[in-house]
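# Structural overview for review
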Amino acid sequence: MKPALFHSPPPASDTERPVPPWTRRLAYALPLLLLPSCLWRLPFALHFEMGQVQDLGMPSYWLSVPYVLGLSLLSELIAILTVGLVRGWGEAAPAWIPLIGGRPVRPWAAAAPAVLGGLALTLLFTSIPLGDGRGLTPYGIVEGVGYTNDAWQALATVCLAPLAAWGPVTIALGIAYYRRRTAPGA
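The paragraphs below set out a description of the structure included in this document. (Residues numbered from 1 in each chain as written. Predicted model: local features only at pLDDT ≥ 70, side-chain atom pairs only at ≥ 80, totals over all residues. Heavy atoms only, no water.)

### Details of unusual backbone geometry
Phi at methionine 50 takes a positive value of approximately 55 degrees, unusual for a residue other than glycine. Secondary-structure assignment places methionine 50 in the loop between α1 (21-45) and β1 (52-53). Phi is positive for leucine 99, close to 70 degrees, though the residue is something other than glycine. Position of leucine 99 relative to the elements: it lies in the loop between α2 (61-81) and α3 (107-125). Judged by its relative accessible area of 78%, leucine 99 is exposed. (Helix = DSSP H or I, 4+ residues; strand = E, 2+ residues; numbered from the N terminus. Buried < 20%, exposed > 50% of the residue type's maximum accessible area, 1.4 Å probe, protein only.)

### Some details on the environment of arginine 87
Tracing the chain through its elements places arginine 87 in the loop between α2 and α3. Placed 39 residues apart in sequence, arginine 87 and threonine 126 show a C-alpha to C-alpha distance of 29 Å. At 3.2 Å, the side chain of arginine 87 and the side chain of tyrosine 28 are in polar contact. (Polar contact = N/O pair within 3.5 Å; in protein donor to acceptor, adjacent residues only side chain to side chain.)

### Looking at the sheet that holds strand β4 (residues 140-143)
Spatial strand order, β2-β3-β4: three strands in an open sheet with antiparallel pairing. At either margin of the open sheet sits one strand with a lone partner, and together these are β2 (128-131) and β4. Direction aside, neighbouring strands of the sheet carry axes that sit 35 degrees apart on average. Note that strand β3 (residues 134-137) and β4 share four bridges and pair antiparallel. Paired with glycine 135 across the two strands is valine 142, which belongs to β4. (Pairing = 2+ DSSP bridges. Axes fitted to C-alpha atoms, helices over the stretch in contact; angles between N-to-C directions.)

### Things to note about the pattern of salt bridges
The final tally for this structure, using the stated rule, is one salt bridge. Note that arginine 180 is salt-bridged to glutamate 91, the shortest N-O span being 2.6 Å. Separated by 89 residues along the polypeptide, arginine 180 in helix α5 (residues 163-182) and glutamate 91 in the loop between α2 and α3 bring together distant segments of the chain. Considered together, arginine 180 and glutamate 91 belong to a single accessibility category, that of buried residues. (Salt bridge = Lys/Arg side-chain N within 4 Å of Asp/Glu carboxyl O.)

### Regarding the packing of aromatic side chains
Each aromatic ring pair is summarised here by two numbers: the centre-to-centre distance and the angle between the ring planes. Applying the stated criterion across every chain, the model contains three aromatic pairs. Centroid distance phenylalanine 48 to tryptophan 152: 5.9 Å. Interplanar angle 65 degrees. Geometry classified as edge-to-face. Of this pair, phenylalanine 48 sits in the loop between α1 and β1 while tryptophan 152 sits in helix α4 (residues 150-160), placing them 104 residues apart in sequence. Given a relative accessible area of 44%, phenylalanine 48 falls into the partly exposed group. You can call tryptophan 152 partly exposed: its relative accessible area is 24%. (Phe/Tyr/Trp six-rings, centres within 6.5 Å; stacked < 30°, edge-to-face > 60°.)

### Brief notes about the environment of alanine 151
Looking at where alanine 151 falls in the secondary structure, it is placed in helix α4. Sequence separation between alanine 151 and leucine 173 is 22 residues, and the spatial gap between their C-alpha atoms is 34 Å.

### What to know about the nonpolar core
Among soluble globular proteins, nonpolar side chains are generally buried collectively. Among the nonpolar cores identified, the biggest contains 18 residues, and Leu85, Val86, Trp166, Leu173 and Tyr177 are the most heavily contacted of them. Where this core is concerned, the elements lending two or more residues are α1, α3 and α5. Sorting elements by how many residues they give to this core places α5 first, with five residues. The residues touching tyrosine 177, leaving out its near neighbours within four places in the chain, are Gly84, Leu85, Gly90, Glu91, Val105, Pro107, Ala110 and Ala111. (Core = buried A, V, L, I, M, F, W, Y, C linked by side-chain atoms within 4.5 Å. Contact = heavy atoms within 4.5 Å.)

### Observations regarding the pairing of β2
Sheet topology note: the β2/β3 ladder contains three bridges and is antiparallel. The residue bridging isoleucine 128 from the neighbouring strand is leucine 136, located in β3. Connecting the antiparallel pair β2 and β3 is a turn made up of two residues, with aspartate 132 showing a positive phi of about 55 degrees.

Shown next as structure tokens:
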């Protein structure tokens, strides 16, 4: 007898049409890909600066704790929602929603927010290094954060670099969802 705490994989017939294995793997990997950046943020809530050199002081605890915890939880919840692009619960509205509960989701109604959100995330987390701690972003040249030593900077890079993949992965999953749902024939 298998203990109830182990998760069994979803059945192959969970979706209307078969999901390509690469999209399933990518959708399930995305929340894990973002986890290091969420964990990196948590010490900032308690005013531990993680080796960063900051001119501005930290906000008070009543502001920093809910903000950092909320941001981390929200980013993980949004990443978990992308799993709906490869599962059956992303193809039909939940029964508890009034008026539309149980009805099929139109492909564009799920793919369009995924692609637009992926574009926004790509713009938000993309930066081209210019040197001297500066980076070129879609909204101008920004100064990088200084660190007390190279170990803190390396840890920050390892934890925060996967954020750059969030947008492109979401776009790829949204396009794959739309193509799978609108492909002629079954």
